[in-house]
Structure formats: structure tokens, C-alpha cells
Amino acid sequence: MRLGDFQGEVLRGTEWFGHDFAGQRVAVVAPGREAAQIVPEVAATARSVKVFQEEPDWVVPMPVPGPNVLGIAVARVFLRWQVKDPWIRRLLTPDRRFGSRKTASGLGYYGALRRPGCKLITWPVYAFAPHGIRTAEGIEHQADVVVLGASSLFATEGLPA
């Protein structure tokens, strides 16, 4: 799979920060901890945002000091409070233990996912097409800009732009 097939703009790592996405269709490809940081900023100006979640991560509204028991309680309550749809909540819930990886602070993440122009996609990215991203179920999602999280599978493999 070559990222080079995509004809739009590709932003890696933190290149998205401060970028004006006005009127653009944006695809964010990142694990949950990075998406929690990227999506609120991108969704503020983009016409539409599709979040291709590589894996869900625990998201807390702010850093939680203390034992993991407190952190997991805060993360679960925050998720339940912010995401009313049980199916979307399940897609955003990690299968792994809390604290096994750095958690993400993302006060605006779940709110951004509720915006009309924002959609969570959990199907794996299968290919980069000239005008977007094709997922494993065969749907091609149109995009003008692709934002790759710093630890995205595609950003770390050194695929050509």
C-alpha cells in the first residue's frame, strides 16, 4: 500500500497544528490517544472529518494523578457521560488494561465526534486512493487532506508521500 497514490495534501505528526482546514474534507488516521488531540482542532474548521481509528485508547478530561483504579473510573465515567450511543461508546472503549499505555487528555474529543460533519470509522485502512482512503469493507472515503498521527502505522513505516 502506497500513501503516494493519494493526490491530496498529507500532514504528518504535528503538521496539522494551526493549519486552516476551512472547506476541506479531512481524514485523520491515528490511534485514539492521538486522535483525541488532533480531531477537536481539525473539526473546528474542516467541512467534514472522518476519523480512521487504528485502535481505541482511554481518554480522560484531564491528567488523573493517583492509582489506576481512579484513572479507569474517571475514563469510564467521562466516556459514558460524553457518548450516549452505546455502540459508539463500545467502539471507543479499549480492550486493554487501563495504564498499560499513556492515556490521552482530550476534553473536546468526544464532543468533536458528535458534530454533524464528523464520523468515526473503525474499519482498517486498506489503501490510499487518488481521492481518499479505501477501507477493508471496500468503501472509498473522499478526502482533500490526510492527517497521519505521529505513531500511526502509516507515518512510522516511512511510506512515500
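The rules behind these values
Residues numbered from 1 in each chain as written. Predicted model: local features only at pLDDT ≥ 70, side-chain atom pairs only at ≥ 80, totals over all residues. Heavy atoms only, no water. Phe/Tyr/Trp six-rings, centres within 6.5 Å; stacked < 30°, edge-to-face > 60°. Helix = DSSP H or I, 4+ residues; strand = E, 2+ residues; numbered from the N terminus. Buried < 20%, exposed > 50% of the residue type's maximum accessible area, 1.4 Å probe, protein only. Salt bridge = Lys/Arg side-chain N within 4 Å of Asp/Glu carboxyl O. Polar contact = N/O pair within 3.5 Å; in protein donor to acceptor, adjacent residues only side chain to side chain. Contact = heavy atoms within 4.5 Å. Pairing = 2+ DSSP bridges. Axes fitted to C-alpha atoms, helices over the stretch in contact; angles between N-to-C directions. Lys, Arg positive; Asp, Glu negative; His and termini not counted.

**Details of the packing of aromatic side chains**
Part 1 of the reasoning: Across all of its chains, the model carries 4 aromatic pairs by this definition.
Part 2 of the reasoning: For the pair phenylalanine 78 and tyrosine 110, a centre-to-centre distance of 5.3 Å together with 45° between the ring planes defines the contact as tilted. Of this pair, phenylalanine 78 sits in helix H2 (residues 68-82) while tyrosine 110 sits in helix H4 (residues 109-113), and the two are 32 residues apart along the sequence.
Part 3 of the reasoning: Here the aromatic rings of tyrosine 109 and tyrosine 110 are separated by 5.5 Å at their centres, their planes lie at 40°, and the arrangement is tilted. In terms of burial, tyrosine 109 and tyrosine 110 fall into one category: buried.
Part 4 of the reasoning: Connected via pairs of aromatic rings, a cluster forms that spans Phe78, Trp81, Tyr109 and Tyr110.

**Regarding the pattern of salt bridges**
Part 1 of the reasoning: Under the definition given, this model contains 5 salt bridges.
Part 2 of the reasoning: Taking the shortest distance from any N to any O, the salt bridge between aspartate 95 and arginine 90 comes out at 2.9 Å.
Part 3 of the reasoning: Judged by its relative accessible area of 68%, aspartate 95 falls in the exposed class.
Part 4 of the reasoning: Between glutamate 140 and arginine 134 there is a salt bridge, with its nearest N and O atoms 2.8 Å apart.
Part 5 of the reasoning: Residue classification places arginine 134 among the partly exposed residues on the basis of a relative accessible area of 30%.
Part 6 of the reasoning: Each member of the salt-bridge network shares a partner with another, and the members are Arg33, Glu55 and Asp57.

**Some remarks on the side chain of glutamine 53**
Part 1 of the reasoning: Mapped onto the fold, glutamine 53 is located in strand S3 (residues 48-53).
Part 2 of the reasoning: There is a polar contact of 3.0 Å between the side chain of glutamine 53 and the backbone oxygen of leucine 91.
Part 3 of the reasoning: Among all residues touching glutamine 53, those that are not within four sequence positions of it are Ala30, Leu91, Leu92, Tyr109, Leu120, Ile121 and Thr122.

**Examining the sheet that holds strand S7 (residues 125-129)**
Part 1 of the reasoning: In spatial order, the strands read S7-S8-S9; together these 3 strands make up an open sheet with antiparallel pairing. In this open sheet, the two edge strands, each paired with only one partner strand, are S7 and strand S9 (140-142). If you compare each strand with its neighbour and ignore which way they point, the axes differ by 25° on average.
Part 2 of the reasoning: The sheet contact formed by strand S8 (residues 132-135) and S9 spans 3 bridges and is antiparallel. Bridge pairing links glycine 132 to glutamine 142 in S9.

**Some remarks on the side chain of glutamate 34**
Part 1 of the reasoning: Inspection of the secondary structure assignment puts glutamate 34 in helix H1 (residues 32-43).
Part 2 of the reasoning: For the buried glutamate 34, no salt bridge is present, and the opposite-charge side chain at shortest range is arginine 33, 4.8 Å distant.
Part 3 of the reasoning: Discounting residues that sit within four places of it in the chain, glutamate 34 has contacts with Gly149, Ala150, Ser151 and Ser152.

**Quick notes on the sheet that holds strand S1 (residues 9-12)**
Part 1 of the reasoning: If you trace the 5 strands from one edge of the open sheet to the other, you get S1-S10-S2-S3-S6, paired in parallel fashion. Each edge of the open sheet carries a strand with a single partner, namely S1 and strand S6 (118-121). Neighbouring strand axes in the sheet, compared pairwise and without regard to direction, differ in orientation by 20° on average.
Part 2 of the reasoning: Pairing between strand S2 (residues 25-30) and strand S10 (residues 145-148): 4 bridges, direction parallel. Bridge assignment links valine 28 to a residue of S10, and that residue is valine 147.
Part 3 of the reasoning: Running over the sheet, H1 touches S2, S3, S6 and S10 and is turned about 165° from S2.

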